[in-house]
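Structural description and commentary
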Amino acid sequence: MTVVAMPSGRMPGAATAEPILTVDNIVKQFETPDGVLTAVDNVSLSVRPGEFFGVIGPSGCGKSTLFNIIGGLLDGYDGTVRVAGETVDGPHPSIGMIFQEESTFPWRSVIDNVAFPLEIAGLPKSERYDRARHFVSLVGLDGFERRFPAELSGGMRQRVSMARTLAAQPKIMLMDEPFAALDEQTRLLLGDKVLQIQQELKQTTLLITHNITEAVQLSDRIMVMTYRPGKVKRIVEIDLPRPRTSEIVSSEAFGRYVAQIWSDLREEATRGLVEDESRKLRGGAGAPP
Amino acid sequence: MAETGRLSAPSLAPSWVREHPVTALRIFIIVTVLLAWEGLARSGWLYRDVVPSLVAIGHALYETLADPTFYVHLYATFYEIAIGMAIGGVAGLAVGILIGGSKLMQRAYEPFLYYLGPCPKIIFFPVMIMWFGVGPGSKIAMGAISCFFPVALNVAGGMREIDKVLIRVGRSFRANTWQMVTKIYMPAMRHPIINGLRLGLGVCLIGTLLAETKLSNRGIGFLVIQAYTLFNMPQMYSLLIVLFVIAIGANALIGRLGGLDSIRRS
C-alpha cells in the first residue's frame, strides 16, 4: 500500500493545541420578500486538531448557511472564518466539503471521482491514482474502482464523496448532513465507517446534522443551535470513550446525552414548527436557500 | 378483452414474425413502399422516368459509385459539412455556455437565439457568397450558421439543468473556470450537447446542400441539381439514396459518441 503523507501538526485530542478552525462572530442576513432575515446570528466556534465537532439544530437554524460560509461558498457575511491561521475568503485548500445531496459525478467511475480533486490540483497521473486507490480502499470500496455511481447504492455513493473529499487531504472536513438521504440502518453503519476513518486519519471534522443520535455517536463536542436566527445555544462535551462503534447507542451514557440535547432542541424545534406554520398560513416565503 | 383497442399480432403469423415483431413490421413497410414504387414505375401513369424503376435506380447508383469524379464531389460536401459542424458546433457550445451560465446574459440574449433559430438560414446565402465567395467558403458558412443555433439553444438549456451541487463540488475543490467548463459543465451536459449536435447536423446538411444546389460547381448538392437539369432521374434518386446513407451514418456516429460513458444513472 502506498504510504500517504499526512499534513503534519495534527495532535489528536490535544485540547491545548491551536484550533484548526476558528469561526468568529458570524452574522449572515438574507433579503427576502418579507424583509431582512437573519439566518446566522453571532455564531462563534473553534475546532481543535483531531476533534470531531458536531453542529445540531432544527431545520431553519442556518446550519447549512454556516456550512457554506465556512466552506467559502457563500460571502456577504460579517465576522471571520480562519483555518490554520489563514482567513477564509473563498474555497480554501485546507477545507474539504461533503454535501448533503448526491454529489458524485455520474460520468466518472469511482476511482476517477476520487481522483478529481487531485486532477484539479494538477498531480501527475500515477500519483493521483495511487492516492485515489488508497482512499477508495479506506472507505471500504475495494473492487468498485471501475464502477459508475449509478451502479452503487446511496450509501456507497456517499462513501465515494467522502473518499473524494479525503483524497484532497484537507486539514478539516466539513460534512453537511451527509447521511440525510439514507435509511436509519445504513446511517448507523456509515457512522461506524466514519468513526473508523476518524480513528485512522485523526481527521478533524465538523459535522452538521439534525440527527441527535448521529451527532452523539460521532462527536467529541456538539454545538446546539437555536431556531431562526441561528445562535449558539449550548456546547456539549460528549465524554464517551473512543474508539467507538454504533453499539454505543445502546449505552446509558449515550441515552443521557441524547436526552440532554433533545431537551435543548425541543424548545427550538417547537418554536420552528409554530413559526413555520404561521408563516405558511400567511402565505409568506419559506426558508432562504 | 384485456387489450381493447389494440392491434395484436395474428396468431397465424409464422413464429419468426411473432418473435421479432418490430423487424417484421419494418421489413413489411419497406417492401410495401418498394413494391408500390415499382408498380407505379411500370404502370405508365406518370411520365416515364419521373418514377424510374428500381432496376434503373440501382443501375444509376452503381454508375454513380463507380465514377471517380463522384468521390471528388462527395469529398467536397463532406469537407464543407465537417468544417461547418466544427465551427458552428464550437461557437454554439461557447455561446450556449455563456448564455446559460448567467441570468443576465440569458435575459439579454436568449430571445435572439429563439427568434433567429427557426428562421430559414438560406436567406443569408447571398450575404455569405459576398463574404466568402462562391467556393466552399460560403457553403461552410451556411452549414456553420445552421448548426450554431440548435447547439447554442440546447447547451444554454443544458447549463441550467446541471445539478447545482456538482458545481459547488467543483468550486469547493477550487477548480478554475476552464476546469469547471471542461471537467464539470461539458460532461454534465453531454446529453444536451449531443442532442444539439444531432439537430445541428440535420440542419447543417440542409444548409450546406441547399447552398450547393443554389450556386456551386462541386458537391453532392450540385450533382443532384445537375442530374435534375439534365432530367437524369435515376441518377438523381441514386444521389438521394447516397445522401440518406450519409445522414443516417453521421447521426449514428454522433449518437454513439453520446453513449460512450454510458447513461447509467437514470
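This one's a predicted model, so the numbers in the text were calculated from it and none came from an experiment.

As for the overall build of chain B
Along chain B, the regular secondary structure elements total 12 helices and zero strands. In sequence order, the secondary structure elements of chain B are arranged as α-α-α-α-α-α-α-α-α-α-α-α. Taking 266 residues into account, the globule formula puts the C-alpha radius of gyration at 18 Å, and chain B, at 23 Å, lies well above it. The principal-axis extent of the C-alpha atoms belonging to chain B is close to 70 × 65 × 30 Å. Across the 266 residues that make up chain B, the buried fraction comes to 37%. Look at the contacts in chain B between residues 6 or more apart in sequence, and 71% of them connect residues 24 or more apart. Side-chain charges in chain B split into 22 positive and 12 negative, and the spacing between the mean points of these groups amounts to 13 Å.

A short note on the interface of chain A and chain B
Across the contact, 27 residues belong to chain A and 20 residues belong to chain B. Carbon and sulfur atoms supply 66% of the area buried between chain A and chain B, which totals about 2,300 Å² over both sides. The three residues of chain A that bury the most area against chain B are Leu73(A), Trp107(A) and Ile120(A), which together make up 28% of that side's buried surface. In this assembly, chain A and chain B are joined by two salt bridges. Put simply, Arg168(B) and Glu101(A) hold a salt bridge, and the shortest N to O gap is 3.5 Å. Here chain A is connected to chain B by four residue pairs in polar contact (both at pLDDT 80 or more). Elements with a contribution of two residues or more to the side of chain A that touches chain B: helix H1 (63-70), helix H2 (110-120) and helix H4 (154-167) of chain A.

A closer look at a nonpolar patch on the surface
All names here are of chain B. Together, Leu25, Phe28, Ile29, Ile30, Val33, Leu34 and Leu54 make up a nonpolar patch on the protein surface, roughly 680 Å² of accessible area in all. Tallying contributions element by element places helix H2 (residues 21-43) first for the nonpolar patch, with six residues. Among the secondary structure elements, leucine 54 is positioned in helix H3 (residues 54-66). Judged by relative accessible area, leucine 54 falls into the partly exposed class, the value being 31%.

Some remarks on helix H3 (residues 125-138) of chain A
Residue and element names in this part refer to chain A. With 14 residues, H3 extends 20 Å between its outermost C-alpha atoms, agreeing within 8% with the 20 Å of an ideal straight helix rising 1.5 Å per residue. All buried positions along H3 are accounted for by Arg128, Tyr129, Arg131, Ala132, His134, Phe135, Val136 and Leu138. Residues of H3 that are buried in the fold lie against H2, H4 and helix H5 (184-201). Positioned one or two residues after H3, glycine 140 has a phi angle of 80 degrees, which is positive.

Details of the domain arrangement of chain A
How big an interface is tends to be stated in terms of the accessible area lost upon association of its parts. Residue and element names in this part refer to chain A. Taken domain by domain, chain A holds domain 1 (2-94 + 172-282) and domain 2 (101-169). For domain 1 versus domain 2, the distance between C-alpha centres works out to 24 Å. On the side of domain 2, 15 residues touch domain 1, which itself brings 17 residues to the contact. Inspection of the domain 1/domain 2 interface yields zero salt bridges. One can count one residue pair in polar contact (both at pLDDT 80 or more) joining domain 1 with domain 2.

Thoughts on the sheet that holds strand S2 (residues 35-47) of chain A
All names here are of chain A. Strand order in the open sheet made by the four strands is S2-S1-S4-S5, with antiparallel pairing throughout. Two strands bound the open sheet, and with one partner strand each, they are S2 and strand S5 (86-87). Alignment of strand S1 (residues 21-32) against S2, held across nine bridges, turns out to be antiparallel. From the neighbouring strand, valine 23 faces S2, where its bridge partner is leucine 45. H1 contacts S1, S2 and strand S4 (78-83) of the sheet and is inclined by roughly 120 degrees relative to S1.

Things to note about the packing of helix H7 (residues 136-161) of chain B against helix H10 (residues 190-214) of chain B
Residues and elements named next belong to chain B. One way to put it is that H7 packs onto H10 with a least axis distance of 7 Å and a crossing angle of 160 degrees. Considering their axes alone, H7 and H10 lie roughly antiparallel with respect to each other. Both H7 and H10 take part in a crossing whose hand is right-handed. Tallied by class, the residues present in the contact of H7 with H10 amount to 12 nonpolar, nine polar and two charged.

Structural notes on the pattern of salt bridges
Residues and elements named next belong to chain A. Throughout the structure, instances matching the rule amount to 20 salt bridges over all chains. Taking the shortest distance from any N to any O, the salt bridge between glutamate 177 and lysine 63 comes out at 3.8 Å. You can see glutamate 177 sitting in the loop between strand S7 (172-176) and H5 and its partner lysine 63 sitting in helix H1, a full 114 residues away along the chain. Take glutamate 177: its relative accessible area is 7%, and that puts it in the buried class. The class of lysine 63 is buried, set by a relative accessible area of 6%. The salt bridge involving arginine 234 is made with aspartate 264; its shortest N-O contact spans 2.4 Å. Placement of arginine 234 in strand S10 (residues 232-237) and of aspartate 264 in helix H7 (residues 252-282) is noted, with a sequence separation of 30 residues between them. Among the residues examined, aspartate 264 registers a relative accessible area of 5% and is labelled buried.

Some thoughts on the side chain of Ser138(B)
Residue and element names in this part refer to chain B. As for its placement among the helices and strands, serine 138 is situated in helix H7. Taking relative accessible area as the criterion, serine 138 reaches 0% and is therefore assigned buried. A polar atom in the side chain of serine 138 sits 3.2 Å from the backbone oxygen of glycine 135. Those residues in contact with serine 138 that sit more than four places away from it in its chain are Phe125, Met128, Ile129, Phe132 and Gly133.

Here is what the cut-offs are and how they apply
- Note that residues are indexed from 1 along each chain, following the sequence as it is written.
- Chains and ligands are labelled by the order in which they are written, letters from A for the one and numbers from 1 for the other.
- Where totals are concerned, whole chains, interfaces and linings use all residues; where local detail is concerned, this predicted model gives features only for residues with pLDDT of at least 70, and gives and counts side-chain atom pairs only at 80 or more.
- Working from all heavy atoms in the structure, the side-chain values ignore hydrogens and water.
- The way it works is that DSSP assigns letters per residue, a run of H or I at least four long becomes a helix, a run of E at least two long becomes a strand, and they are numbered from the N terminus.
- Here the globule rule is a power law, 2.2 Å times the number of residues to the power 0.38, and the radius of gyration is based on C-alpha atoms.
- The buried label goes to any residue with under 20% of its type's maximum accessible area, the exposed label to any with over 50%, and the partly exposed label to all in between, with areas taken from a 1.4 Å probe on protein chains only.
- By definition, residues are in contact when any of their heavy atoms lie within 4.5 Å.
- His is not counted, nor are the chain ends; Lys and Arg add positive charge and Asp and Glu add negative charge.
- To locate a charge, take atom NZ for lysine, CZ for arginine, CG for aspartate or CD for glutamate.
- Buried area adds together the accessible area that both of two parts lose upon being put together, with accessible area traced by a 1.4 Å probe.
- By salt bridge we mean one thing: a side-chain nitrogen of Lys or Arg within 4 Å of a carboxyl oxygen of Asp or Glu.
- In protein, a polar contact means a hydrogen-donor-capable atom and an acceptor-capable atom, both N or O and within 3.5 Å, with residues adjacent in sequence counting only if both atoms are side-chain atoms; elsewhere, any N or O pair within 3.5 Å suffices.
- Here the term patch refers to residues with relative accessible area over 30% and no salt bridge, with like charges joined within 9 Å and nonpolar side chains (Val, Leu, Ile, Met, Phe, Trp, Tyr) within 5 Å.
- Exposure was quantified through the Shrake-Rupley algorithm and a 1.4 Å probe, taking into account, for residues, occlusion by the shown protein chains and nothing else.
- Each residue after the first adds 1.5 Å to the expected span of a helix.
- Domain segmentation is taken from an automatic or database assignment of domains.
- At least two DSSP bridges between two strands are required for those strands to pair.
- Axis geometry follows a simple rule: fit a line to the C-alpha atoms, using only the stretch in contact for helices, then measure angles between N-to-C directions, giving values from 0 to 180 degrees.
- If an angle is under 35 degrees, it is roughly parallel; if it is over 145, roughly antiparallel; if it lies from 65 to 115, roughly perpendicular; otherwise it is oblique.
- Should the near helix be turned anticlockwise from the far one by less than a right angle, the crossing is left-handed, and should it be turned clockwise, the crossing is right-handed.
- Charged residues are taken to be Asp, Glu, Lys and Arg, nonpolar residues to be Ala, Val, Leu, Ile, Met, Phe, Trp, Tyr, Cys and Pro, and polar residues to be all remaining types, Gly included.

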